[in-house]
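Overview (structure and organization)
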Amino acid sequence: MDVQKEQEQQNRTDHVVSGFAFYSEKDARLAEQERQKIAYLDKRIDRTNLESVLIIYKKALDDRVFRTPVGLEYLRELQGELKAEQDLLGEEIPPIPLWTNFADTREKTSPARRRIKPAPEENKNTTFRLSLIMNIVMVIAIIAMFIITLNSDQPNVLNYERNLQNKYATWEQELTQREQTVREKERELHIETEVSQN
């Protein structure tokens, strides 16, 4: 961003005409042309003849000869002279039309002016409450996952040893029960006595 600011600052100093720093080189060239027109008119115009000044002023307005602040400042100067002597002219001095929408221009050409506006207090409270509720829900979900994992029959990192011991204990019980069942059957069939006699 600093490079961009430096570039914009450099552009501003490169495009200065009659004390105005223009945003683009094209605007600066136009202002320079208007400055040359002003110099030409000042050589030719007789400021003591108010009627000729008024004619030139109106012609400049009608033809939109001046569009930059340099030219508009010159028109404002002429307008001031004419208004000072308006009683002698007996004619109303027309205003200087501005053919630019300044509100839209400001929004389009103001890259660094878009500031983040702080959220109203009402929105901050709502955001905080929503964040708090979401955090509580997440903590509850994590606790529930741990409980489910601990109580699960499937071995996992948390209950691996316990499940393994339970599985071996179950196998041992089953083997003991089978062994006991086999012995009972042997007793019933008198297999034990026959094996011991041979």
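The structure this text deals with has already been given above.
Our subject in this report is the structure included herewith. (Residues numbered from 1 in each chain as written. Predicted model: local features only at pLDDT ≥ 70, side-chain atom pairs only at ≥ 80, totals over all residues. Heavy atoms only, no water.)

1. Details of the packing of aromatic side chains
Following the criterion strictly, the structure yields 2 aromatic pairs and no others. With a centroid separation of 5.3 Å and 80 degrees between ring planes, the pair formed by tyrosine 168 and tryptophan 171 is classed as edge-to-face. Of this pair, tyrosine 168 and tryptophan 171 both sit in helix H8 (residues 160-189), 3 residues apart, roughly one helical turn. (Phe/Tyr/Trp six-rings, centres within 6.5 Å; stacked < 30°, edge-to-face > 60°. Helix = DSSP H or I, 4+ residues; strand = E, 2+ residues; numbered from the N terminus.)

2. Points about a nonpolar patch on the surface
Together, Phe128, Leu132, Ile136 and Ile140 make up an exposed nonpolar region whose accessible area comes to about 410 Å². Mapping isoleucine 136 onto the fold places it in helix H7 (residues 121-151). (Patch = residues over 30% accessible without salt bridge, like charges linked within 9 Å, V, L, I, M, F, W, Y side chains within 5 Å. Areas by Shrake-Rupley, 256 points an atom, 1.4 Å probe, with all protein chains shown as cover. Salt bridge = Lys/Arg side-chain N within 4 Å of Asp/Glu carboxyl O.)

3. Focus: the packing of helix H3 (residues 50-62) against helix H4 (residues 69-84)
Running from amino to carboxyl end, H3 crosses H4 at an angle of 140 degrees, the nearest separation of the two axes being 10 Å. Along this stretch, H3 crosses H4, giving a crossing that reads as left-handed. Counted together, Leu50, Val53, Leu54, Tyr57, Ala60 and Leu61 of H3 and Leu75, Leu78, Gln79 and Leu82 of H4 form the full contact between these two elements. Among the residues making up the contact of H3 with H4, the classes are represented as 9 nonpolar, 1 polar and no charged. (Axes fitted to C-alpha atoms, helices over the stretch in contact; angles between N-to-C directions. Left-handed = near helix turned anticlockwise from the far one by under 90°. Contact = heavy atoms within 4.5 Å. Nonpolar A, V, L, I, M, F, W, Y, C, P; charged D, E, K, R; others polar.)

4. Here we look at the side chain of glutamine 79
With respect to the helices and strands, glutamine 79 occurs in helix H4. Overall, the relative accessible area of 4% leaves glutamine 79 in the buried class. Among the polar contacts listed, one links the side chain of glutamine 79 to the side chain of tyrosine 57, at a separation of 3.2 Å. In terms of polar contacts, glutamine 79 uses its side chain to reach the backbone carbonyl oxygen of proline 94, at 3.4 Å. Not counting the four nearest positions on each side in its chain, glutamine 79 is found in contact with Tyr57, Ile93, Pro94, Pro95 and Ile96. (Buried < 20%, exposed > 50% of the residue type's maximum accessible area, 1.4 Å probe, protein only. Polar contact = N/O pair within 3.5 Å; in protein donor to acceptor, adjacent residues only side chain to side chain.)

5. What to know about helix H2 (residues 25-44)
The end-to-end C-alpha distance of H2 is 29 Å, a good match for the 28 Å that 20 residues give at a rise of 1.5 Å each. Restricting attention to buried positions, one finds in H2 the residues Ala28, Ala31, Glu34, Ile38 and Leu41. End-on, the buried residues of H2 take up no more than an arc of 135 degrees, which puts them together on one face. Relative to its buried face, H2 has exposed residues pointing more than 90 degrees away, namely Lys26, Lys43 and Arg44. Buried residues along H2 sit in contact with strand S1 (16-17), H3 and H4. (Expected span 1.5 Å × (residues − 1). Arc of directions from axis to C-beta.)

6. A word on the pattern of salt bridges
Enumeration over the complete set of coordinates arrives at 7 salt bridges. A salt bridge links aspartate 42 to arginine 47, with the shortest nitrogen-to-oxygen separation between them at 2.7 Å. For arginine 47, a relative accessible area of 26% corresponds to the partly exposed category. The network of salt bridges with shared partners includes Asp42, Arg47, Glu77 and Glu81.

7. Digging into the nonpolar core
Side chains that are nonpolar tend, in soluble globular proteins, to be buried together. If you look at the biggest cluster of nonpolar residues, it comprises 23 residues, and the most contacted ones within it are Tyr57, Phe66, Leu75 and Leu82. Among the secondary structure elements, those contributing two or more residues to this core are H2, H3 and H4. Leaving out residues up to four positions away in the same chain, leucine 75 has contacts with Tyr57, Ala60, Leu61, Phe66 and Ile96. (Core = buried A, V, L, I, M, F, W, Y, C linked by side-chain atoms within 4.5 Å.)

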